[in-house]
Amino acid sequence: MLAVFVIVILFATCAGATCGMGGGVIIKPVLDALSPMSAFQINFVSSMCVLAMALSSLVKHLFQKKSSHIPTAVAAACGAFAGGVAGEFIFEAVENAAGSVLGENADALIKIIQNSVLALLLVGVLVYMLLRKEKGVYLPSAAMTIKAFAACCVLGVISTFLGIGGGPINVCVLCLVLRTDTKEVTFYSLLTVMFAQVAKLFKLAVTGGFTSNVILDVNLEWWALVVMIAAAVIGGLLGAVLNKRLSSKAVNRIYYAVIGIVIALNIYKIIYNAVTAL
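Residues numbered from 1 in each chain as written. Predicted model: local features only at pLDDT ≥ 70, side-chain atom pairs only at ≥ 80, totals over all residues. Heavy atoms only, no water.

**Student:** Please explain a nonpolar patch on the surface as it appears in this structure.
**Tutor:** Residues Leu216, Trp222, Trp223, Val226 and Val227 make up a contiguous nonpolar surface patch of roughly 510 Å² in combined accessible area. Relative to the helices and strands, Val226 is located in helix 10 (residues 222-245). A residue is classified by how much of its surface remains accessible, and Val226, at 46% relative accessible area, is partly exposed. (Patch = residues over 30% accessible without salt bridge, like charges linked within 9 Å, V, L, I, M, F, W, Y side chains within 5 Å. Areas by Shrake-Rupley, 256 points an atom, 1.4 Å probe, with all protein chains shown as cover. Salt bridge = Lys/Arg side-chain N within 4 Å of Asp/Glu carboxyl O. Helix = DSSP H or I, 4+ residues; strand = E, 2+ residues; numbered from the N terminus. Buried < 20%, exposed > 50% of the residue type's maximum accessible area, 1.4 Å probe, protein only.)

**Student:** What's the story with the nonpolar core in this structure? I'm lost.
**Tutor:** Nonpolar side chains in soluble globular proteins tend to end up buried together. The biggest cluster of nonpolar side chains holds 67 residues, and the ones touching the most others in it are Val45, Met129, Leu178 and Tyr255. At 11 residues, helix 3 (residues 39-63) tops the list of elements feeding residues into this core. Other than its neighbours up to four places away in sequence, Leu178 contacts Thr72, Tyr138, Met144, Ala148, Val185 and Tyr188. (Core = buried A, V, L, I, M, F, W, Y, C linked by side-chain atoms within 4.5 Å. Contact = heavy atoms within 4.5 Å.)

**Student:** What should I look at first to understand helix 2 (residues 24-34) in this one?
**Tutor:** Think of an α-helix as turning once every 3.6 residues; residues three or four places apart then point the same way. Burial within helix 2 is extensive, with eight of its 11 residues counted as buried. Every buried residue of helix 2 is listed here: Gly24, Val25, Ile26, Ile27, Lys28, Pro29, Val30 and Leu31.

**Student:** Looking at this structure, how should I read the packing of helix 1 (residues 2-19) against helix 8 (residues 182-207)?
**Tutor:** Packed helices, taken two at a time, are described by their axes: the angle between them and the distance between them. Relative orientation of the contacting elements helix 1 and helix 8 amounts to 115 degrees, with a least axis distance of 7 Å. Classified by the angle their axes make, helix 1 and helix 8 are roughly perpendicular. Here Gly16, Ala17, Thr18 and Cys19 of helix 1 come into contact with helix 8, specifically with Thr182, Thr186 and Leu190. Its residues placed into classes, the contact of helix 1 with helix 8 shows three nonpolar, four polar and no charged. (Axes fitted to C-alpha atoms, helices over the stretch in contact; angles between N-to-C directions. Parallel < 35°, antiparallel > 145°, perpendicular 65-115°, else oblique. Nonpolar A, V, L, I, M, F, W, Y, C, P; charged D, E, K, R; others polar.)

**Student:** Is there a simple way to explain the packing of aromatic side chains in this structure?
**Tutor:** Aromatic rings in a pair are described by how distant their centres are and how their planes are angled relative to each other. Taken as a whole, this structure holds seven aromatic pairs when the rule is applied. When the centroid spacing of 6.5 Å and the interplanar angle of 10 degrees are considered together, the rings of Phe40 and Phe44 count as stacked. Separated by four residues within a single helix, Phe40 and Phe44 lie in helix 3, roughly one turn from each other. Considered together, Phe40 and Phe44 belong to a single accessibility category, that of buried residues. With centroids separated by 6.0 Å and ring planes inclined at 85 degrees, the aromatic side chains of Phe44 and Phe210 adopt a geometry described as edge-to-face. (Phe/Tyr/Trp six-rings, centres within 6.5 Å; stacked < 30°, edge-to-face > 60°.)

**Student:** Can you walk me through the packing of helix 7 (residues 168-178) against helix 8 in this structure?
**Tutor:** As a packed pair, helix 7 and helix 8 sit with axes 9 Å apart at the nearest point and diverge in direction by 120 degrees. Put simply, helix 7 runs oblique to helix 8. The chirality of how helix 7 crosses helix 8 is right-handed. Here helix 7 contributes Asn170, Val171, Leu174, Cys175 and Leu178 to the contact with helix 8, which in turn contributes Thr182, Val185, Tyr188, Ser189, Thr192 and Val193. Within the contact of helix 7 with helix 8, the residues separate by chemical class into seven nonpolar, four polar and no charged. (Left-handed = near helix turned anticlockwise from the far one by under 90°.)

Below is the structure:
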């Protein structure tokens, strides 16, 4: 089964790094469906793989001397971190409130709402990205940097609240805000992905999530975790290479394909959670 997980992680992180998405929206549902790991372990593995992918891909981008505007990059990172922390606390508050009102059905209902909202957002993203006109290279300015911070802050809240850690929505919003194409926003999108995951892990550390939950056991051994993280690093490096070598149209096609896969996964999860709740 580990071989299946490694293949999925390689595909998800390579595709994610190519067009600026996290890959967690593919990794997590597969682990949910096939793995005996606990919900906390699945979230932890997904977060670590996405973080490793984003970090390795960003390092590769820097070694390739891919042009980027430092103030915009810093603003995107800070916005994603702040939004990620806020999103985690907002989700926890909503989860606790729903649990006190709905009892045992709260978890399934929250998942149905999350998946439904995400599916609708992704359909809207796909329609917008297909209809939009291609734009050129990002032209940085002070106003654009401020917009990048605000956008990434909102994206951090949305991504952590919906449990996606960073995905196709990031790319779409950054294309809109920075007025450029998918290939150009990849670096900034990966920054938001990475710092949203850092925020999630930071919140767990501060609130005692690592001490109150079991990370390693017979269902998740240390060597298996290392193998999966290594696969994410390789996927991130391959994705960075593909992003540099492929044309903007090719990157767009990969982006559209991943959105289609994620929409299908969310529809499956909506049906599954609805049946489970009944």
